[in-house]
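Here are the chains, one letter per residue:
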Amino acid sequence: MQTLAQVLKASNAPAALQDVLTTTTNTCIDICEALHKGSLAGILGVAGNENVQGEEQKKLDVISNDMLKSDLMNCPAVRAVASEEEDDIVPANTDGEYLIAFDPLDGSSNIDINAMVGTIFSIYHDQSTQPATEADFLKPGSEQAAAGYVLYGPSCMLVLSTGEGVNMFTLDPEKGEFVETQTGIAVAKDTQEFAINMSNQRFWSSNMQSYVEDLVAGKEGPREKNFNMRWVAAMVGDVHRILCRGGIFMYPWDSKDPSKPGKLRLMYEANPMAMLVEQSGGKAHTHTQRILDIQPEGIHQRVPVILGAANEVDKCLSY
Ligand SMILES: O=P(O)(O)OC[C@H]1O[C@](O)(COP(=O)(O)O)[C@@H](O)[C@@H]1O
Ligand SMILES: [Mg+2]
Ligand SMILES: [Mg+2]
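Each chain carries its own residue numbering, running from 1 in the direction its sequence is written. Chain letters and ligand numbers both follow the written order, the letters beginning at A and the numbers at 1. Predicted model: local features are reported for residues with pLDDT of at least 70 only, side-chain atom pairs are reported and counted for 80 or more only, and whole-chain, interface and lining totals are derived from all residues. Each side-chain value is worked out from all heavy atoms of the structure, with water and hydrogens disregarded.

### Digging into the coordination of the magnesium ion (ligand 3)
Within the protein, the magnesium ion (ligand 3) binds to Glu 84 (OE), Asp 103 (OD) and Leu 105 (O); these donor distances fall in the range 2.0 to 2.2 Å. Nitrogen, oxygen and sulfur within 2.8 Å of a metal are treated as its donors, or within 3.2 Å for sodium, potassium and calcium (Na, K, Ca); water is not counted, so a site can appear incomplete. Each donor residue of the magnesium ion (ligand 3) lies on one chain, and together they are spaced E-x18-D-x1-L. Distance-wise, the magnesium ion (ligand 2) is placed 3.7 Å from the magnesium ion (ligand 3), both being coordinated by Asp 103. Taken as a pair, Glu 84 in the loop between strand S3 (78-83) and strand S4 (90-91) and Leu 105 in strand S5 (residues 98-106) lie far apart in primary sequence, 21 residues in all. Numbered from the N terminus, helices here are DSSP runs of H or I no shorter than four residues, and strands are runs of E no shorter than two.

Given below as structure tokens:
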């Protein structure tokens, strides 16, 4: 079995991109170790501040953000970083040629209950002699040079695409290295498993309500087959399940806060996950368009998300 370093060396990824990926994944190994210590290291609970999203920050949101930010700032190939936990982009090395946007800790509400969390990242090539600005980041997801996540679960796993399919790696805790454990991930076109936060049902559009009602109606309903439901409350966990055994994941628009087009963030949640799902033969859409075609308007922009098994996403959109 090959290590991540060997896989990257053998890939078409430019050396500078390999440096950004190696730096990012090494920091995630450090985050994994911190997570394992949990309350022993006093890292559970709230940090006492709100982030730019107006969400209460967990201590680990801040700790993982600071770890990634400082390591990436010291990586010469990085021109700037953007993060869920940073109000603005953070310029790094002017002659760097990659921009990276990340969600340092996805699934924050799971931290204090010792459930699944992760780190999600999205990387763009962008060379310029000028200091980086937010505008430099605002490229459609189809231009991502690489995307991935690290899942902190029973085992620590890296799932990565550099545009040539999706590979999975498992952390070998003894070696402190990611080792490739699965290649050529493919998501089945059809599924009998869906993921959505059902407690939001009354706030969904009537179309989304009818689509989910028909799933729940099962064999006796218009879909004439039974569907199972799962909700990890961490996008990284729900998407990982879909890459492993198929399914559809939805965080649609809801009227809880009509000013918000969705809950999840385009640049460091929807785009990287859309790249992984599409590279695995699945689909990723809002209610109206392919996520990777969206022209971003801001670094913290939110979008509705419907992704997973291609035929089931089409079925959902048909409502
Ligand atoms: O609390 P809800 O409505 O179930 O939302 C869960 C969703 O929110 C998120 O936790 C948002 O991400 P963060 O934890 O990074 O803010 C997603 O991972 C997850 O899919
Ligand atoms: Mg998140
Ligand atoms: Mg987060």
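### What about the sheet that holds S4?
Each pair of strands is called paired provided DSSP finds at least two bridges between the two strands. Read from one edge of the open sheet, eight strands run S4-S3-S5-S6-S7-S8-S9-S10, paired in mixed fashion. Sheet topology places S4 and strand S10 (177-182) at the edges, where each strand pairs with a single neighbour. Note: S3 against S5, five bridges, orientation parallel. In the strand pairing of S5, Ala 82 is matched with Ala 101. Contacts are residue-level and defined by heavy atoms, with any inter-residue pair within 4.5 Å sufficient. Each axis is a line fitted through C-alpha atoms, taken for helices only over the stretch in contact, and angles between the N-to-C directions span 0 to 180 degrees. Against the sheet, helix H6 (residues 235-245) engages S5, strand S6 (117-125), strand S7 (144-152), strand S8 (156-161) and strand S9 (167-172), with an angle of about 105° to S7.

### A word on the domain arrangement of the protein
Partitioning the protein into domains gives domain 1 (4-182) and domain 2 (193-318). The interface is formed by 48 residues belonging to domain 1 together with 31 residues belonging to domain 2. The term buried area means the drop in 1.4 Å probe accessible area that two parts suffer when joined, counted for both and summed. Taking both partners together, domain 1 and domain 2 bury about 2,900 Å²; carbon and sulfur atoms supply 63% of that area. We define a salt bridge as a side-chain nitrogen of Lys or Arg found within 4 Å of a carboxyl oxygen belonging to Asp or Glu. Where domain 1 meets domain 2, there are three salt bridges. The partner of Arg 265 in a salt bridge is Glu 55, and the shortest N-O contact between them spans 3.5 Å. Here a polar contact means two N or O atoms within 3.5 Å. Within protein one must be a hydrogen donor candidate and the other an acceptor candidate, and residues neighboring in sequence count only if both atoms are side-chain atoms. For the interface between domain 1 and domain 2, the tally reads 13 residue pairs in polar contact (both at pLDDT 80 or more). Elements that contribute at least two residues to the side of domain 1 that touches domain 2 include exactly S3, S5, S6, helix H4 (134-137), S7 and S8. Three residue categories are used. Nonpolar comprises Ala, Val, Leu, Ile, Met, Phe, Trp, Tyr, Cys and Pro, charged comprises Asp, Glu, Lys and Arg, and polar comprises the others, including Gly. Tallied by class, residues from the side of domain 1 that touches domain 2 come to 24 nonpolar, 15 polar and nine charged. Those domain boundaries reflect an automatic or database domain assignment.

### Remarks on the pairing of S5
Counting buried positions over the nine residues of S5 gives nine, a clear majority of the element. When S5 meets S6, the two strands line up antiparallel, connected through seven bridges. The residue bridging Tyr 98 from the neighbouring strand is His 125, located in S6. Type-normalised accessible area, obtained with a 1.4 Å probe on protein chains alone, sets the label of each residue: buried when under 20%, exposed when over 50%, and partly exposed for intermediate values.

### Quick notes on the environment of Pro 258
By the secondary structure assignment, Pro 258 is in the loop between strand S13 (248-251) and strand S14 (264-265). For the pair formed by Pro 258 and Phe 203, sequence separation is 55 residues and the distance between their alpha carbons is 9.5 Å.

### Some points on the pattern of salt bridges
What the rule picks out here adds up to 17 salt bridges. With a closest N to O distance of 2.9 Å, Glu 86 and Lys 69 form a salt bridge. Of this pair, Glu 86 sits in the loop between S3 and S4 while Lys 69 sits in helix H3 (residues 59-73), and the two are 17 residues apart along the sequence. Judged by its relative accessible area of 23%, Lys 69 is partly exposed. Of the charged contacts in the structure, one is a salt bridge between Asp 314 and Lys 283, with a shortest N-O distance of 2.9 Å. Of this pair, Asp 314 sits in helix H8 (residues 310-318) while Lys 283 sits in strand S15 (residues 283-285), placing them 31 residues apart in sequence. On the accessibility criterion, Lys 283 (28% relative accessible area) is partly exposed. Ionic contacts of the salt-bridge type, sharing partners, join the residues Glu 55, Glu 84, Arg 265, Glu 269 and Arg 302 into one network.

### A look at the UniProt feature "domain: Fructose-1-6-bisphosphatase class 1 C-terminal" (unreviewed entry) in the protein
Under the present numbering, the feature "domain: Fructose-1-6-bisphosphatase class 1 C-terminal" (unreviewed entry) in UniProt falls on residues 188-317. Secondary structure content for residues 188-317 is 35% helix and 15% strand, and the end C-alpha separation is 18 Å. UniProt positions are given in the numbering used here, feature names are shortened, and annotations may be inferred rather than shown by experiment.

### Side note on the packing of aromatic side chains
Each Phe, Tyr or Trp ring, with Trp reduced to its six-membered ring, pairs with another whose centre is within 6.5 Å; inter-plane angles below 30 degrees give stacked pairs, above 60 give edge-to-face pairs, and intermediate values give tilted ones. Applying the stated rule across the entire model yields three aromatic pairs. Aromatic pair Tyr 211 and Tyr 319: ring centres 5.2 Å apart, planes at 75°, arrangement edge-to-face. Here Tyr 319 lies in the segment after H8 and Tyr 211 lies in helix H5 (residues 206-217), a separation of 108 residues in the sequence. Measuring from centroid to centroid gives 5.9 Å for Trp 231 and Tyr 251, while their planes differ by 55°, and the two rings are tilted. Separated by 20 residues along the polypeptide, Trp 231 in the loop between strand S12 (228-229) and H6 and Tyr 251 in strand S13 bring together distant segments of the chain. Among the residues examined, Trp 231 registers a relative accessible area of 27% and is labelled partly exposed. Classification of Tyr 251 by relative accessible area gives buried; the value is 9%.

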